[in-house]
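What the coordinates show
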Amino acid sequence: MPTPTRVHVKHRFVSPPEVVFAALSEHENLGPLFMAKIGRVRDGDTSRNGVGSTRSLKLGPLPAFEETTITSEPHSLIEYRITKGGPLRGHWGVQKFTPTADGGTELDYTIGFDAPVPGLAAIVGKALTSSISKNLSTLAP
């Protein structure tokens, strides 16, 4: 993936991967995570939140944009990218779910992007890191 990485968050959940995956794959759950208004644009090609599922995000005064799931491996991996609009360029996200020995889940979440406006990527990166780190635990125990 060609863009610089701006956000990398690891989080440990006590819930098993299927619970955490279900919470993070459901678009409507993600508003608090990104501090955004989120709406479903379309379901996936073969499942509600699978490949092809698309969500619309509206962050404060910024124009709305759409993210589409490009990889969905149940209980282990979600990859998505911006497919329409937005102030960012080359945006992608990868969520890796790894079971832990105690029955929980280790989430490794990386988001990469760039921005055409100097300094914007750094500002967005800090805001996303803070919001995601603070709010992940609200999605699943």
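Residues numbered from 1 in each chain as written. Predicted model: local features only at pLDDT ≥ 70, side-chain atom pairs only at ≥ 80, totals over all residues. Heavy atoms only, no water.

By the naming in an unreviewed UniProt entry, the chain goes by SRPBCC family protein and is assigned to Rhodococcus cerastii.

1. Quick look at the overall build of the chain
Note the following rule: Secondary structure elements are taken from DSSP: a helix is a run of H or I of four residues or more, a strand is a run of E of two residues or more, and numbering for both begins at the N terminus. Here the radius of gyration uses the C-alpha set of atoms, whereas the globule reference equals 2.2 Å times the residue count to the power 0.38. Three labels apply to residues, based on accessible area from a 1.4 Å probe with only protein chains included: buried if under 20% of the type maximum, exposed if over 50%, partly exposed otherwise in between. Only heavy atoms enter the contact rule, under which two residues are in contact if any of them lie within 4.5 Å. Only the protein chains shown count as cover for residues, and all accessible areas are computed by the Shrake-Rupley method using a 1.4 Å probe. Charge counting treats Lys and Arg as positive and Asp and Glu as negative, with His and both chain ends excluded. Positions of charges follow a simple convention, taking NZ of Lys, CZ of Arg, CG of Asp or CD of Glu.
Each helix and strand counted, the chain has three helices and seven strands in total. Overall, the chain shows an N-to-C arrangement of helices and strands of β-α-α-β-β-β-β-β-β-α. The C-alpha atoms of the chain give 14 Å as radius of gyration, which agrees with the globular expectation for 141 residues (14 Å, within 12%). Across its three principal axes, the chain shows a C-alpha extent of roughly 45 × 30 × 25 Å. Residues counted as buried form 48% of the 141 residues belonging to the chain. Pairs at least 24 residues apart make up 46% of the contacts formed inside the chain by residues separated by at least 6 positions. Summed over all atoms, the accessible surface of the chain reaches about 7000 Å², with 58% contributed by carbon and sulfur. Measuring between centres, the 15 positive side-chain charges of the chain sit 9 Å from its 13 negative side-chain charges.

2. Remarks on helix H3 (residues 120-135)
Applicable threshold: To estimate the expected span of a helix, subtract one from its residue number and multiply by 1.5 Å. Working definition: the arc comes from the directions between the helix axis and the C-beta atoms, pointing outward to the latter.
In this model H3 runs 22 Å from its N-terminal to its C-terminal C-alpha over 16 residues, within 8% of the 22 Å that 1.5 Å per residue would give. If you check which residues of H3 are buried, you get Ala121, Val124, Gly125, Leu128, Ser131, Ile132 and Asn135. For H3, the buried positions fall inside an angular range of 145 degrees around the axis, keeping them on one side. Projecting away from the buried face of H3 at angles above 90 degrees are the exposed residues Ile123, Lys126 and Lys134. Along its buried surface, H3 packs onto strand S1 (5-13), helix H2 (31-34) and strand S7 (105-114).

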